[in-house]
Amino acid sequence: MKQPVKLVTSMLSILATPAAAGGNPRWWVSPDQTDTYAWVGLVIFFLVLLLVAHLYARFDRHVEHRNSGSPLRTTIPMMLTVALAYELMPALSHFSMLLPAALILTAVARDFMLWWHPENGEFQK
């Protein structure tokens with residue numbers, strides 16, 4: 001019985017953060033110092049967010065140019081944008097469904113007008 005307890009305590013001691021010379025853990029920052037780990041984490045977080053937005057914008061532009069002749073050339077990218085927003089920010093599920101519905105209906109209306117009057121299209125050469 002003592003062997004499993006000894007094994008568990010040794011594993012927990014490995015997972016614990018060792019204390020520095022002052023007795024505080026390494027991640028502790030006193031109020032008069034700068035928390036560099038937090039700043040590095042924030043910079044990395046915003047860079048990853050920027051990378052996701054950039055890659056999605058490139059994909060959206062590619063889809064819109066590739067589907068220039070289709071009747072739903074802006075509706076499908078708009079639906080993908082709404083889906084990405086709901087995936088990245090789960091708190092949006094608490095809002096009304098009128099916002100994404102209005103965005104999608106606006107894209108459908110734009111596609112309809114571009115289909116109805118193709119000479120006014122923005123990709124016409």
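Coordinates for the structure precede this section.
Residues numbered from 1 in each chain as written. Predicted model: local features only at pLDDT ≥ 70, side-chain atom pairs only at ≥ 80, totals over all residues. Heavy atoms only, no water.

**A look at the overall build of the protein**
Then, in step 1: Of the regular secondary structure elements, the protein holds four helices and zero strands.
Then, in step 2: From first element to last, N terminus to C terminus, the protein shows the α and β order α-α-α-α.
Then, in step 3: Expressed as a percentage of its 125 residues, the buried residues of the protein come to 10%.
Then, in step 4: In the protein, the share of contacts with a sequence separation of at least 24, taken over all contacts with a separation of at least 6, comes to 48%.
Then, in step 5: Approximately 10600 Å² of the protein is accessible, and the part contributed by carbon and sulfur atoms is 71%. (Helix = DSSP H or I, 4+ residues; strand = E, 2+ residues; numbered from the N terminus. Buried < 20%, exposed > 50% of the residue type's maximum accessible area, 1.4 Å probe, protein only. Contact = heavy atoms within 4.5 Å. Areas by Shrake-Rupley, 256 points an atom, 1.4 Å probe, with all protein chains shown as cover.)

**Quick notes on the packing of aromatic side chains**
Then, in step 1: Counted according to the given criterion, the structure contains two aromatic pairs.
Then, in step 2: Taking 6.2 Å as the distance between ring centres and 50° as the angle between the ring planes, the aromatic pair formed by Tyr56 and Phe59 counts as tilted. Within this pair, Tyr56 and its partner Phe59 are both found in helix H2 (residues 36-66), separated by three residues, close to a single helical turn.
Then, in step 3: Residue classification places Tyr56 among the buried positions, given a relative accessible area of 16%.
Then, in step 4: For Phe59, a relative accessible area of 38% corresponds to the partly exposed category. (Phe/Tyr/Trp six-rings, centres within 6.5 Å; stacked < 30°, edge-to-face > 60°.)

**As for the packing of H2 against helix H3 (residues 75-88)**
The angle between the axes and the distance between the axes are what describe a pair of packed helices.
Then, in step 1: It is the contact of H2 with H3, at a shortest axis distance of 10 Å, that shows an interaxial angle of 165°. Relative to H3, the element H2 lies roughly antiparallel. Note that H2 runs across H3; the crossing there is right-handed. Of the residues in H3, those touching H2 at Val52, Tyr56, Phe59, Asp60 and Val63 are Pro77, Leu80, Thr81, Leu84 and Leu88.
Then, in step 2: Across the contact of H2 with H3, the residue classes tally to eight nonpolar, one polar and one charged. (Axes fitted to C-alpha atoms, helices over the stretch in contact; angles between N-to-C directions. Parallel < 35°, antiparallel > 145°, perpendicular 65-115°, else oblique. Left-handed = near helix turned anticlockwise from the far one by under 90°. Nonpolar A, V, L, I, M, F, W, Y, C, P; charged D, E, K, R; others polar.)

**Things to note about the packing of H3 against helix H4 (residues 98-116)**
Then, in step 1: Running from N to C, H3 and H4 point in directions that differ by 165°, and their axes come no closer than 8 Å. In this view, H3 runs roughly antiparallel relative to H4, as classed from their interaxial angle. The interaxial crossing formed by H3 with H4 has right-handed handedness. Contacts between H3 and H4 pair Thr75, Met78, Met79, Val82 and Tyr86 from the former with Pro100, Leu103, Ile104, Ala107, Val108 and Asp111 from the latter.

**Considerations on the side chain of Asp111**
Then, in step 1: By the secondary structure assignment, Asp111 is in helix H4.
Then, in step 2: When residues no more than four places from it in sequence are discounted, the contact partners of Asp111 are Pro71, Leu72, Arg73, Thr74 and Thr75.

**A short note on a nonpolar patch on the surface**
Then, in step 1: A grouping of Trp39, Val40, Leu42, Ile44, Phe45, Phe46, Val48, Leu49, Val52, Leu88 and Met89 is seen on the molecular surface, where their side chains present a nonpolar patch of about 1100 Å² in accessible area.
Then, in step 2: No other element matches the nine residues that H2 contributes to the nonpolar patch.
Then, in step 3: In this structure, Leu49 sits in helix H2.
Then, in step 4: Classification of Leu49 as partly exposed rests on a relative accessible area of 40%. (Patch = residues over 30% accessible without salt bridge, like charges linked within 9 Å, V, L, I, M, F, W, Y side chains within 5 Å. Salt bridge = Lys/Arg side-chain N within 4 Å of Asp/Glu carboxyl O.)

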